[in-house]
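One letter stands for each residue in the lines below.
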Amino acid sequence: MGVVTPDETPEARLKRLKIRAWRRGIKEMDLILGPYADANLASMSAEEVEEFDALLKENDQDLYQWVSGQAAPPAEFAALVTRLGQTGSR
């Protein structure tokens, strides 16, 4: 699912994901994903990190519609999108 290189350490992966969360295509997604990553990445399970990594590959316009409730997210992201909508809590 995620883009993991064989020599990427878990710490490097978390750093990469945090940067991707803060550097999106639209500012609204920076302000949603960045604080969420800051608050939660370090304590996420390996499965949650995989899910977040996959979510970051989605189109910003789609992500914004899912988080704002304008469109339903795909089933595989529904729980994560719900968490994103809850002010950075897990």
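What comes next concerns the included structure. (Residues numbered from 1 in each chain as written. Predicted model: local features only at pLDDT ≥ 70, side-chain atom pairs only at ≥ 80, totals over all residues. Heavy atoms only, no water.)

### What to know about the pattern of salt bridges
- The tally for this structure, following the rule as stated, stands at eight salt bridges.
- Linking Arg13 and Asp53 is a salt bridge whose minimum nitrogen-to-oxygen distance equals 2.9 Å. Highlighted residues: Arg13 in helix H1 (residues 10–22) and Asp53 in helix H3 (residues 46–56), separated in sequence by 40 residues.
- Among the salt bridges present, the one from Asp53 reaches Arg20, with a minimum N-O distance of 2.9 Å. On the criterion of sequence distance, the pair formed by Asp53 in helix H3 and Arg20 in helix H1 is long-range, its members being 33 residues apart.
- Classification of Asp53 by relative accessible area gives buried; the value is 0%.
- Residues joined in a network through salt bridges with shared partners are Glu8, Arg13, Arg16, Arg20, Glu50 and Asp53. (Salt bridge = Lys/Arg side-chain N within 4 Å of Asp/Glu carboxyl O. Helix = DSSP H or I, 4+ residues; strand = E, 2+ residues; numbered from the N terminus. Buried < 20%, exposed > 50% of the residue type's maximum accessible area, 1.4 Å probe, protein only.)

### Some points on the packing of H1 against H3
- Closest axis-to-axis distance for the H1/H3 pair is 10 Å, and the angle between their directions is 35 degrees. The crossing of H1 and H3 is left-handed. Counting all contacts with H1, which are made through Arg13, Leu14, Arg16, Leu17, Arg20 and Ala21, the residues of H3 involved are Val49, Glu50, Phe52, Asp53 and Leu56.
- Grouping the constituent residues of the contact of H1 with H3 by class yields six nonpolar, no polar and five charged. (Axes fitted to C-alpha atoms, helices over the stretch in contact; angles between N-to-C directions. Left-handed = near helix turned anticlockwise from the far one by under 90°. Contact = heavy atoms within 4.5 Å. Nonpolar A, V, L, I, M, F, W, Y, C, P; charged D, E, K, R; others polar.)

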